[in-house]
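One-letter residues, chain by chain:
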Amino acid sequence: MQQNLFIIMSKNFYFLFLLIFASCNTTHYFVISKSHTHGIDFSNGKWLVGEIEVNPYAKEKLTNLALKDFSEYLNERVKYSLNEKSLLLPRQIPLNPSKSTILDLKKGADFDYYVNIKSKNAKNDLSNFEFADHFYYKKQMSFAEVTIEVYDLNLGEIIYSQTSGGSIEDENSLTSKPTTTVIIGCYNKIINDIKKKSIKPNSK
């Protein structure tokens, strides 16, 4: 009886192990280095997180996560653009903006820094992604890419820019929302890079 119970438990453990192992190997991420990959100095200034451009299903989750992460460094010095009624800004700011575009943001908002987060995603179509050559085609794959840029509104400069790409094999995934999983995974790759390199307010 005990031997049979041990065999059943062993089989269940083996099945669980395979399930976990499979799920761990169906998601892949990497970071695409940009020209501004050093850390960020969070020690001063007022910060504004712009409206995040992302899949509607992932928008609330990614927005809450971004505000939480930046608040860890900035506390009350960071605001979300959609909560600030007095701003005279376009809802979406293009990536890699010109100096004049960044300086124009300063005119419409009394902030020192602007955080721009954008994401795009697709299923089995890599034509519009920077990381297309890094993956081979698989059936039922979800792909996503997240970019975080930070602008110094006083100098009109991009002070941080990083993009992360990722994929998940839908068929073997344990999540019901594979695209959201990849988007959040890509975001976490970048935010971990920021946390590793950046200057906290009390570290000077």
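None of the values given here were measured: they were computed from a predicted structure.

Draft legend 1. Representation of the overall build of the protein in the model. Scanning the protein for helices and strands turns up four helices and six strands. Each helix and strand of the protein, ordered N terminal to C terminal, gives the series α-β-β-α-β-α-β-β-β-α. By the burial criterion, 44% of the 204 residues in the protein qualify as buried. For the protein, restricting intrachain contacts to residue pairs at least 6 apart in sequence, the fraction spanning at least 24 positions comes to 74%.

Draft legend 2. Region of the structure containing the environment of methionine 141. With respect to the helices, strands and loops of the structure, methionine 141 is situated in strand β5 (residues 141–152). Measuring from C-alpha to C-alpha, the distance between methionine 141 and serine 167 comes to 6.7 Å, with 26 residues separating the pair along the chain.

Draft legend 3. Representation of the nonpolar core within the structure. Judged by nonpolar contacts, the single largest core of 32 residues is most densely connected at Trp47 and Ile194. Breaking this core down by element, the ones donating at least two residues are β2 (47–49), α2 (56–74), β3 (78–80), β4 (113–123), β5, β6 (157–169) and α4 (178–197). In terms of nonpolar packing, the next biggest core, distinct from the first, is built from 11 residues, Leu48, Ala109, Tyr114 and Ile158 among them.

Draft legend 4. Just the confidence of the model for the protein, in detail. Summary statistics for the protein give a mean pLDDT of 79 and a share of 71% for residues scoring 70 or more. Between residues 2–25, whose pLDDT stays under 50, and residues either more than four places distant or in other chains, the model counts three contacts. Note on residues 131–138: pLDDT is under 50 here. Beyond four places in sequence and across chains, it has 19 contacts.

Draft legend 5. View of the environment of asparagine 154. Along the chain, asparagine 154 falls in the loop between β5 and β6. Taking C-alpha positions, asparagine 154 is 6.1 Å from aspartate 112, a pair spaced 42 residues apart along the chain. When neighbours within four sequence positions are excluded, asparagine 154 is seen to be in contact with Leu103, Lys106 and Asp112. Here lysine 106 takes part through its side chain, which lies 3.2 Å from a polar atom of the side chain of asparagine 154.

Draft legend 6. A look at the packing of aromatic side chains. Enumeration over the complete set of coordinates arrives at five aromatic pairs. Judged by centre distance (6.1 Å) and plane angle (0°), the rings of tyrosine 114 and tyrosine 151 are stacked. With tyrosine 114 in strand β4 and tyrosine 151 in strand β5, this residue pair connects regions lying 37 residues apart in the sequence. Both residues of the pair, tyrosine 114 and tyrosine 151, count as buried. Joined through ring pairs, the aromatic side chains of Phe42, Trp47, Phe70, Tyr73 and Tyr113 make up one cluster. Over the aromatic face of phenylalanine 111 sits the side chain of lysine 46, whose NZ or CZ is 5.1 Å from the ring centroid.

Draft legend 7. Broad picture of unusual backbone geometry. In this model, asparagine 75 sits at a positive phi of 55°, which is unusual for a non-glycine residue. Counting through the fold element by element, asparagine 75 comes out in the loop between α2 and β3. Taking relative accessible area as the criterion, asparagine 75 reaches 54% and is therefore assigned exposed. Although it is not a glycine, asparagine 96 adopts a positive phi angle of roughly 50°. Counting through the fold element by element, asparagine 96 comes out in the loop between β3 and α3 (99–108). What makes asparagine 96 exposed here is its relative accessible area of 58%.

Criteria and thresholds
Residues numbered from 1 in each chain as written. Predicted model: local features only at pLDDT ≥ 70, side-chain atom pairs only at ≥ 80, totals over all residues. Heavy atoms only, no water. Helix = DSSP H or I, 4+ residues; strand = E, 2+ residues; numbered from the N terminus. Buried < 20%, exposed > 50% of the residue type's maximum accessible area, 1.4 Å probe, protein only. Contact = heavy atoms within 4.5 Å. Core = buried A, V, L, I, M, F, W, Y, C linked by side-chain atoms within 4.5 Å. pLDDT = per-residue confidence, 0-100. Polar contact = N/O pair within 3.5 Å; in protein donor to acceptor, adjacent residues only side chain to side chain. Phe/Tyr/Trp six-rings, centres within 6.5 Å; stacked < 30°, edge-to-face > 60°. Lys NZ or Arg CZ within 6 Å of the ring centre and 35° of its normal.

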